[in-house]
Amino acid sequence: MAFLAAAAPFLMMAGSVVGAAGSLIGGMAAKNAGDYQAQVANQNAQIARDNAARAVERSQIEQQNQDRLTQAQLGTQEALQGASGLSLEGGSQMLTRKGAAMLGRLDALNVRQAGEVESYNYKTQATNFEAQGKLAKAQGQSALTGSLFSAGGSLLSGATKFGASDFFKTKA
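Conventions we followed
- Residues numbered from 1 in each chain as written.
- Predicted model: local features only at pLDDT ≥ 70, side-chain atom pairs only at ≥ 80, totals over all residues.
- Heavy atoms only, no water.
- Helix = DSSP H or I, 4+ residues; strand = E, 2+ residues; numbered from the N terminus.
- Contact = heavy atoms within 4.5 Å.
- Areas by Shrake-Rupley, 256 points an atom, 1.4 Å probe, with all protein chains shown as cover.
- Salt bridge = Lys/Arg side-chain N within 4 Å of Asp/Glu carboxyl O.
- Buried < 20%, exposed > 50% of the residue type's maximum accessible area, 1.4 Å probe, protein only.
- Patch = residues over 30% accessible without salt bridge, like charges linked within 9 Å, V, L, I, M, F, W, Y side chains within 5 Å.

Student: Is there a simple way to think about the overall build of the chain in this case?
Tutor: In terms of regular secondary structure, the chain is built from two helices and zero strands. Pairs at least 24 residues apart make up 84% of the contacts formed inside the chain by residues separated by at least 6 positions. For the chain, the exposed area adds up to about 11,500 Å²; of that, 64% sits on carbon and sulfur atoms.

If you want it as structure tokens, here you go:
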């Protein structure tokens with residue numbers, strides 16, 4: 001029993017040291033997790049930026065394909081008008097081809113705009129990923145800082161209890 005009474009202050013101090021170490025380890029783990037999450041978010045942001053560039057490239061190709069399709073349709077329309085015996089210079093025939101050309105161009109521009117909108121959405125997604133990465137990194141750093149204060153508090157509390165124990169009191 002006397003041994004436990006004598007060992008109690010040391011055990012309290014040891015418990016404080018273990019608690020402080022646990023706080024530090026937890027803080028470091030949280031910081032590492034935040035750093036990892038930031039890296040993942042940054043990789044996701046890069047993928048989104050790459051997707052944005054691909055969306056623009058794809059829409060340009062699709063726009064060119066739409067223009068070619070329109071030209072083919074106009075050629076077919078002109079051939080059919082010519083084969084029917086109508087004059088290709090007639091007002092109605094020219095207006096029909098002109099209208100078809102305008103609608104085909106509008107289709108091509110719509111394809112291009114859809115690609116631009118898709119690109120914008122990917123760029124917005126990239127910005128959101130970057131913000132998530134910064135937040136994760138800040139949360140990890142904050143957890144590490146908090147663990148330092150917690151560890152310091154545990155050590156001070158243990159030292160105070162150790163100093164207030166009977167171990168240092170003189171016996172009369």
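Additional details are given in the paragraphs that follow.
Student: I would appreciate a short explanation of the pattern of salt bridges in the present structure.
Tutor: It is possible for side chains of opposite charge to pair when their charged atoms get near one another. All told, the structure shown has seven salt bridges when counted by the stated rule. The closest approach of N and O atoms between glutamate 118 and arginine 58, which form a salt bridge, is 2.4 Å. One end of the pair, glutamate 118, is in helix H2 (residues 91–164); the other, arginine 58, is in helix H1 (residues 2–83), with 60 residues separating them in the sequence. Using a relative accessible area of 26% as the deciding quantity, one classes glutamate 118 as partly exposed. Judged by relative accessible area, which is 36%, arginine 58 ranks as partly exposed. When salt bridges that share partners are traced, they join Lys31, Asp35 and Lys137 into one network.

Student: How do you make sense of the side chain of glutamine 66 when you look at a structure like this?
Tutor: Among the secondary structure elements, glutamine 66 is positioned in helix H1. Given the relative accessible area of 16%, glutamine 66 is considered buried. The contact partners of glutamine 66, leaving out residues within four places of it in the chain, are Gly104, Asp107 and Ala108.

Student: So what exactly am I meant to see when it comes to the side chain of glutamine 63 here?
Tutor: Topologically, glutamine 63 is positioned in helix H1. Aside from chain neighbours lying at most four places away, what touches glutamine 63 is Arg105, Ala108, Leu109, Val111 and Arg112.

Student: What exactly am I supposed to notice about a nonpolar patch on the surface here?
Tutor: Residues Leu24, Ile25, Met28 and Leu148 make up a contiguous nonpolar surface patch of about 370 Å² in total accessible area. Within the fold, isoleucine 25 resides in helix H1. Look at isoleucine 25 and you get exposed, because its relative accessible area is 57%.

Student: Please explain the environment of alanine 114 as it appears in this structure.
Tutor: Position of alanine 114 among the secondary structure elements: in helix H2. The spacing of alanine 114 and alanine 55 is 59 residues in sequence and 8.9 Å in space, taken between C-alpha atoms.

Student: Help me understand the environment of threonine 145, please; the structure alone is not making it clear to me.
Tutor: Relative to the elements of secondary structure, threonine 145 occurs in helix H2. Of the residues examined, threonine 145 reaches a relative accessible area of 32% and is grouped as partly exposed. Spatially, the C-alpha atoms of threonine 145 and leucine 24 are 9.0 Å apart, while their sequence positions differ by 121 residues.

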